Amino acid sequence: MSYSLERARHEIGRSLRELRTGAGLTGAQLAELVGWSQPKISRLETGRQTSTGADVRAWAGACGRAGAAEEIVDRLRVLESMYVEWRVQERSGMQGPQNEVRDRDSRTRDRRVYECTVIPGILQTEPYIRAVIDRYASFRGVSIGVEEAVRKRLQRQEMLYSKRKRFRFLLTEGVLRTRYTDRDSMAEQLDRLTSVSALSNVSLGIIPFDQRVVFDPGHGFWIHDDRLVTVETLSAELRLTHPVEVEQYVRAFDLCAQGARYGKEARSLILRAIDSLAEE
């Protein structure tokens with residue numbers, strides 16, 4: 001659970017508790033009025049369960065404070081925007097998340113990307129994109145929109161050539177060795193990294209296997225203009241905007257960058273991975 005999400009849930013729970021105590025009701029009395037179990041009242045007040053808009057309106061009405069509901073509901077909408085389940089984004093097909101990313105791309109000038117398991121989408125070749133999207137479509141049971149998702153991800157790569165945008169990528173060497181495609185397609189993907197690394201607005205750092213770990217975030221993340229961090233989990237995308245949280249990810253990126261190789265040294269690590277494919 002991220003700092004922002006946990007804090008937002010606790011603040012909403014506290015507001016609900018203040019409504020209840022202000023009305024002079026016990027948890028059991030409120031539960032009886034709204035027809036819920038008393039444990040649900042406790043979970044909502046402590047932030048262990050996220051309220052719905054209907055929950056908040058029923059709660060406020062039972063406390064005689066119906067007018068207080070909408071302010072709390074507005075805060076719920078902010079909470080919901082932080083944690084967006086893939087099943088919601090993919091309701092119309094696998095292309096759904098690509099639409100959201102496209103809008104985010106148009107607003108972002110400076111990106112810092114750390115990945116420890118997969119090539120970042122904006123650097124992926126078509127076979128690699130299809131392999132990644134196919135796997136997640138199968139896992140999530142989404143049968144439509146794969147081809148459109150592949151096309152839209154490829155279209156996103158046009159912004160790599162915009163001089164108005166800056167990209168800083170950090171990849172662990174393990175990313176270069178993790179096979180999502182056949183040998184030839186993987187070699188093509190690695191060659192793509194070497195060509196992109198030569199762009200003047202792109203910085204590509206590789207953290208080698210034999211580098212002593214400076215810091216390990218444990219998962220990939222994207223920083224957008226020091227205002228937003230996105231983290232993809234198995235079930236959802238986190239969108240973190242709290243300044244304290246964004247600063248933590250900026251610091252994590254800077255620490256990881258200390259152990260990375262750049263320029264010729266980075267390309268040497270990529271070529272070493274390509275050579276290992278040829279030796280198979």
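Residues numbered from 1 in each chain as written. Predicted model: local features only at pLDDT ≥ 70, side-chain atom pairs only at ≥ 80, totals over all residues. Heavy atoms only, no water.

**Focus on helix α4 (residues 53–62)**
Buried within α4 we find Gly 53, Asp 55, Val 56, Trp 59 and Ala 60. Along the axis of α4, the buried positions cluster into a sector of 160°, meaning they face one direction only. At the C-terminal side of α4, Gly 64 shows a positive phi close to 75°. (Buried < 20%, exposed > 50% of the residue type's maximum accessible area, 1.4 Å probe, protein only. Helix = DSSP H or I, 4+ residues; strand = E, 2+ residues; numbered from the N terminus. Arc of directions from axis to C-beta.)

**A few points about the pattern of salt bridges**
A complete count under the given rule lists 16 salt bridges for this structure. Residue Asp 110 is joined to Arg 168 by a salt bridge in which the shortest nitrogen-to-oxygen separation is 2.6 Å. Of the two residues, Asp 110 sits in strand β2 (residues 110–115) while Arg 168 sits in strand β3 (residues 166–172), which places them 58 residues apart along the sequence. For the pair Asp 110 and Arg 168, a shared accessibility class is recorded, and that class is buried. (Salt bridge = Lys/Arg side-chain N within 4 Å of Asp/Glu carboxyl O.)

**Topic: helix α12 (residues 243–257)**
The first and last C-alpha atoms of α12 sit 21 Å apart over 15 residues, in line with the 21 Å expected at 1.5 Å per residue. For α12, every residue scored as buried is listed here: Glu 245, Val 246, Tyr 249, Val 250, Ala 252, Phe 253 and Cys 256. The arc enclosing the buried residues of α12, seen along the axis, measures out at 160°, which places them on a common side. Exposed and facing more than 90 degrees away from the buried side of α12 are Pro 243 and Arg 251. (Expected span 1.5 Å × (residues − 1).)

**Considering the pairing of strand β5 (residues 221–224)**
Of the two faces of β5, the one holding Phe 221 and Ile 223 and the one holding Trp 222 and His 224 are both buried throughout. Sheet topology note: the β2/β5 ladder contains 4 bridges and is antiparallel. Bridge pairing in β5 links Arg 111 to His 224. The pairing of β5 with strand β6 (residues 228–232) spans 3 bridges and is classified as antiparallel. Residue pairing in the sheet places His 224 in a bridge with Leu 228 of β6. The antiparallel pairing of β5 with β6 creates a hairpin that spans 3 residues between the two strands, and Asp 225 there sits at a positive phi of about 55°. (Pairing = 2+ DSSP bridges.)

**A closer look at a negative patch on the surface**
Together, Asp 182, Asp 184, Glu 188 and Asp 191 make up a region of like negative charge exposed at the surface. With respect to the helices, strands and loops of the structure, Asp 191 is situated in helix α11 (residues 183–196). On the basis of relative accessibility, which here comes to 47%, the residue Asp 191 falls in the partly exposed class. (Patch = residues over 30% accessible without salt bridge, like charges linked within 9 Å, V, L, I, M, F, W, Y side chains within 5 Å. Areas by Shrake-Rupley, 256 points an atom, 1.4 Å probe, with all protein chains shown as cover. Lys, Arg positive; Asp, Glu negative; His and termini not counted. Charge placed at Lys NZ, Arg CZ, Asp CG, Glu CD.)

**Quick look at unusual backbone geometry**
At Asp 225, a residue that is not glycine, the phi angle is positive and equals roughly 55°. Structurally, Asp 225 can be placed in the loop between β5 and β6. The partly exposed category is assigned to Asp 225, whose relative accessible area is 25%. Despite not being glycine, Asp 226 has its phi angle at roughly 60°, a positive value. Note that Asp 226 resides in the loop between β5 and β6.

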